[in-house]
Amino acid sequence: MSATYLMPTYNRQPISFTHGSGSWLYTKDDTPYLDALTGIAVCGLGHCHPQVTEAIQQQAATLLHTSNLFGIDWQERAGEALCTAAQMDSVFFANSGAEANEAALKLARLYAYNKGFKRPRVIVMEQSFHGRTLLSVSATANPKAREGFFTLDDDFIRVPFGDIAAIRQVAQDYDDICALFVEPIQGEGGVNTANNGFTYLEELQAECDAHDWLFMLDEVQTGNGRTGKYFAYQHSDACPDVLTTAKGLGNGFPVGACMVRGRAKDLFSAGSHGSTYGGTPLASRVVHSVYDVLTNSGIMENAVREGQFIRDSLVSELQQYGVSSRGAGTMIGIVLPETTDCSALVDKARDEQKLIINVTGSHVIRLLPPLNIRREESIQVVERLVDLLNPLL
Ligand SMILES: Cc1ncc(COP(=O)(O)O)c(C=O)c1O
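Residues numbered from 1 in each chain as written. Predicted model: local features only at pLDDT ≥ 70, side-chain atom pairs only at ≥ 80, totals over all residues. Heavy atoms only, no water.

Helix length check: helix H3 (residues 73-86), at 14 residues, gives a terminal C-alpha distance of 20 Å against a target of 20 Å (1.5 Å per residue), a fit within 8%. Among all positions of H3, only Trp74, Ala78, Gly79, Ala81, Leu82, Cys83, Ala85 and Ala86 are buried. Here the buried face of H3 lies against helix H2 (50-60), strand S4 (90-94), strand S9 (242-245), strand S10 (256-260) and helix H9 (281-296). Just downstream of H3 lies Gln87, where phi reads positive at about 60°. (Helix = DSSP H or I, 4+ residues; strand = E, 2+ residues; numbered from the N terminus. Expected span 1.5 Å × (residues − 1). Buried < 20%, exposed > 50% of the residue type's maximum accessible area, 1.4 Å probe, protein only. Contact = heavy atoms within 4.5 Å.)

Given below as structure tokens:
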């Protein structure tokens, strides 16, 4: 496969897929690959979900775009659906996760500006990933993503993920903090969960409330049913002021969203933010169709059941090697011993097992199968991974 005209921003695997259905991807010659990655947590309803496909086809034949200079019926409907699912007051539609996060970080600055702060700072986490725009990559921890971009580091204070004492310490050290921005489970950073699970979010919210900081959650990866709730924070009693999401929001159609409530509700006004493509009739109708499937199909319960089955089965099959698991729903990290050579794992899984996986945080296999994966497919994920790992561990 030649990529001569494409900038080399990705180390692409030597394969391309021409069609997909449910949990399966196919090459031109119809070879099936079991997809336990779903476009990096994007196609949560599986590839080419019939209801989403129908919504795209109907809307493409009706109206694609008018701009945000006019009322957009489907945007209103998608907004109501999403805010209802998220328990938020209002939404700004963007086109990607990074854009949604850019909106969130701009909200934090406006919040600080309204308070008269000269040098506002946002608390972010070690191992975080928030996107590739200049501000979102500055909030990101990964040195590879940041190198060479003159990141805006003075805007952020970085603390260890899961460490509430570190937050309390910076609250004492700085008087110009305006917000805290965190992923409920860190995806790119290694499927990291806090030691006390989602209770961590409640502790974070308590700190934010105590200091009048915006409590902002990046649910770009964890949102839209991925962890078994519509949004991961709903596993806890916490509720953010600002909530971003993307990935599963469009099941493969590019769309992002930044939602607000409470303290963050009235920060943006006409002219303070915008996007030509944000919330087109097509994108909004897709968001609405994904919402319909998520709320009317038992699919999130399936994600909990199958995610647990995959995790338990792998840990039990590989227990002699000290393999453990973390995550929630179909956001799964299989933690291999640190000494494991994972360099060829993705290639071997693909070529030898016809299984699509990802490795993150150096020795963690990241599995992001569709939320509606069937039991016989979950069994195959487990069997193929066990066959792959047994000779390597
Ligand atoms: C938690 C999180 N935030 C933001 C992003 C960036 O999203 P996008 O690539 O759609 O800009 C990602 C992408 O992996 C992510 O996982």
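We now examine the sheet that holds S4. Strand order across the open sheet formed by 7 strands is S4-S10-S9-S8-S7-S5-S6, with mixed pairing between neighbours. The outermost strands of the open sheet, each flanked by one partner alone, are S4 and strand S6 (156-159). Looking at each pair of strands side by side, their axes are set apart by 20° on average, direction ignored. Across 4 bridges, strand S7 (residues 177-182) lies against strand S8 (residues 214-218) in parallel orientation. Among the inter-strand pairings, Val182 is bridged to a residue of S8, identified as Leu217. Its contacts with the sheet place helix H7 (residues 164-173) against strand S5 (121-125), S6 and S7, and it is angled at close to 145° to S6. (Pairing = 2+ DSSP bridges. Axes fitted to C-alpha atoms, helices over the stretch in contact; angles between N-to-C directions.)

This next bit is on the packing of H7 against helix H8 (residues 199-211). With their axes 10 Å apart at the nearest point, H7 and H8 run at an angle of 10° to one another. Here H8 runs roughly parallel to H7, going by the angle between their axes. Judged by residue contacts, Ile164, Ile167, Arg168 and Ala171 of H7 engage Tyr200, Glu203, Leu204, Glu207 and His211 from H8. (Parallel < 35°, antiparallel > 145°, perpendicular 65-115°, else oblique.)

In the vicinity of the ligand lie 13 residues, with Gly97, Ala98, Asp218, Gln221 and Lys247 positioned nearest. Between the ligand and the protein, one listed contact pairs an oxygen atom with a side-chain N or O atom of Glu188 at 3.5 Å. In the environment of the ligand, an oxygen atom lies 2.8 Å from a nitrogen or oxygen atom belonging to the side chain of Gln221. Within the complex, the protein chains bury 82% of what would otherwise be the 390 Å² of accessible surface of the ligand. Of all the elements, helix H4 (residues 97-115) adds the most residues to the shell around the ligand, at 3 residues. The residue makeup of the shell around the ligand, split by class, is 3 nonpolar, 6 polar and 4 charged. (Near = heavy atom within 4 Å. Polar contact = N/O pair within 3.5 Å; in protein donor to acceptor, adjacent residues only side chain to side chain. Areas by Shrake-Rupley, 256 points an atom, 1.4 Å probe, with all protein chains shown as cover. Nonpolar A, V, L, I, M, F, W, Y, C, P; charged D, E, K, R; others polar.)

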